Amino acid sequence: MRPLDARVIERELSRLGASLGRPLAVAAETASTNDDARSAAAAGAPHGAAFLADAQTKGRGRGGRSWHSPPGENLYLSVVLRPRLPATSVAPIALVVGLAVASVVERRLASSARLGAPGGGAVADVRLKWPNDVLVGGRKLAGILVEAQLRGDAVSSVIIGVGLNVHTSRFPPDLSTRATSLAMLGVDDVPREVLAAELLQALGDAAARFEAGRLAPFAEDLARLDWLRDRRVEVAGVSGVAAGIDAEGHLLVRGGDGVLRSVAAGEVSVASG
């Protein structure tokens, strides 16, 4: 695979009128684009500064888990946001980022289906798994990592990291039954630069809507794409059937006693069968 071309990304950002992505830094290899963005934010990088790499040596997902980051195959992208939000309101932005990523994936799958590409067309299967994974056919296509830097009760910066599997055709054994890529879904003709620009454009629009209206503008899409709904789950010591996502971005779980409980954060286990 050829390396990412920053000039192509910048040209696409201009064509789309994207509000994020400038300044743009593209590295052949880095430890973690989120670490790069966080260091830049601490040094004063502006809202919209974006960091991409062809490979990550210490890419990570939520909870510090390693993120599969082979060179030249996928997108590893982080961006600095400086939203005008109180610290108490920032957590649900991970869901909003997931919806933005899902919207790009849906459009690409729909386009692939219209063109009759083999394996394409799984548009209805795009889902968001609370709080931060984008799935297609129940397999993970993208992950989101959100890291906020606070100053008192205010948000100094928010680092949004997105890992999107693009060209990978084979995953390590521990991921082979749980992960997928756009290429495996029939979308193998879109340059990574174009996808990067589309993601940054979608993220910018979503971030602006979230800052203005929190989760309210996203309620319909959250309900439509909620993969956990009606599945038996266990999270943060609460078990029962997932019953949606509330206005604060919390997962709702109805226990066997019929009581509806709200879970703000935690690792979700889904019962098999």
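Here's what I pulled together on the structure shown here. Since we're looking at a predicted model, the values are computed, not measured.

A word on helix 1 (residues 6–16). Along helix 1, the residues classified as buried are Val8, Ile9, Glu12 and Leu13. End-on, the buried residues of helix 1 take up no more than an arc of 140°, which puts them together on one face. Of the residues in helix 1, the exposed ones pointing more than 90 degrees away from the buried face are Arg7, Arg11, Ser14 and Arg15. Packed against the buried residues of helix 1 are strand 1 (24–27), strand 2 (50–53) and helix 4 (192–213). Looking at where helix 1 begins, the residue whose side-chain oxygen comes 2.9 Å from the main-chain nitrogen of Arg7 is Asp5. Just beyond helix 1, the residue with positive phi is Gly17, at close to 70°.

On inspection of all chains with the given rule, the structure shows 0 aromatic pairs. Above the plane of the ring of Phe218 lies Arg209, whose end atom (NZ or CZ) is 4.5 Å from the centre. Above the face of the Trp227 ring, Arg231 is positioned so that its terminal group lies 3.9 Å from the ring centre.

What follows concerns the pairing of strand 1. Where strand 1 meets strand 2, 4 bridges bridge the pair, whose relative direction is parallel. Residue pairing for strand 2: Ala25 is matched across the bridge by Phe51.

What follows is about helix 2 (residues 33–42). When helix 2 is considered as a whole, its buried residues turn out to be Thr33, Asn34, Ala37, Ala40 and Ala41. All buried residues of helix 2 project into a common sector of 130° when viewed along the axis, lining one side. Opposite the buried face of helix 2, at more than 90 degrees from it, the exposed residues are Ser39 and Ala42. Two or three places before Asn34, at the start of helix 2, stands the capping residue Ser32, its side-chain oxygen 3.2 Å from that residue's backbone nitrogen. Looking one or two residues beyond helix 2, the residue adopting positive phi is Gly44, at roughly 105°.

Another aspect to go through is the packing of helix 1 against helix 4. Close contact between helix 1 and helix 4 brings their axes to 8 Å; oriented N to C, the two are set at 40°. In this view, helix 1 runs oblique relative to helix 4, as classed from their interaxial angle. In this structure, helix 1 crosses over helix 4, and the sense of that crossing is right-handed. Only Glu193, Val194, Ala196, Ala197, Glu198, Leu200 and Gln201 of helix 4 make contact with helix 1, whose side of the interface consists of Val8, Ile9, Glu12, Leu13 and Leu16. Among the residues making up the contact of helix 1 with helix 4, the classes are represented as 8 nonpolar, 1 polar and 3 charged.

Looking at the element boundaries, Leu24 is found in strand 1. A sequence separation of 228 residues divides Leu24 from Leu252, and the C-alpha atoms of the two residues are 38 Å apart. Residues in contact with Leu24, not counting those within four places in the same chain, are Ala6, Ile9, Glu10, Ala50 and Leu52.

Residue alternation in strand 8 (residues 232–235) divides its side chains into a buried set, Val233 and Val235, and an unburied set, Arg232 and Glu234. Inspection of the sheet shows strand 8 paired to strand 9 (residues 238–245) by 4 bridges, in the antiparallel sense. Note on strand 9: the bridge partner recorded for Glu234 is Ser239. Count of turn residues in the strand 8/strand 9 antiparallel hairpin: 2 residues, of which Ala236 carries a positive phi of about 50°. Two strands pair when backbone bridges link them, and strand 8 and strand 12 (residues 269–270) are joined in this way by 2 bridges, in the antiparallel orientation. Opposite Glu234, over in strand 12, you have Ser269 as the bridge partner.

Reading guide: rules and limits
- Residues numbered from 1 in each chain as written.
- Predicted model: local features only at pLDDT ≥ 70, side-chain atom pairs only at ≥ 80, totals over all residues.
- Heavy atoms only, no water.
- Buried < 20%, exposed > 50% of the residue type's maximum accessible area, 1.4 Å probe, protein only.
- Helix = DSSP H or I, 4+ residues; strand = E, 2+ residues; numbered from the N terminus.
- Arc of directions from axis to C-beta.
- Contact = heavy atoms within 4.5 Å.
- Polar contact = N/O pair within 3.5 Å; in protein donor to acceptor, adjacent residues only side chain to side chain.
- Phe/Tyr/Trp six-rings, centres within 6.5 Å; stacked < 30°, edge-to-face > 60°.
- Lys NZ or Arg CZ within 6 Å of the ring centre and 35° of its normal.
- Pairing = 2+ DSSP bridges.
- Axes fitted to C-alpha atoms, helices over the stretch in contact; angles between N-to-C directions.
- Parallel < 35°, antiparallel > 145°, perpendicular 65-115°, else oblique.
- Left-handed = near helix turned anticlockwise from the far one by under 90°.
- Nonpolar A, V, L, I, M, F, W, Y, C, P; charged D, E, K, R; others polar.

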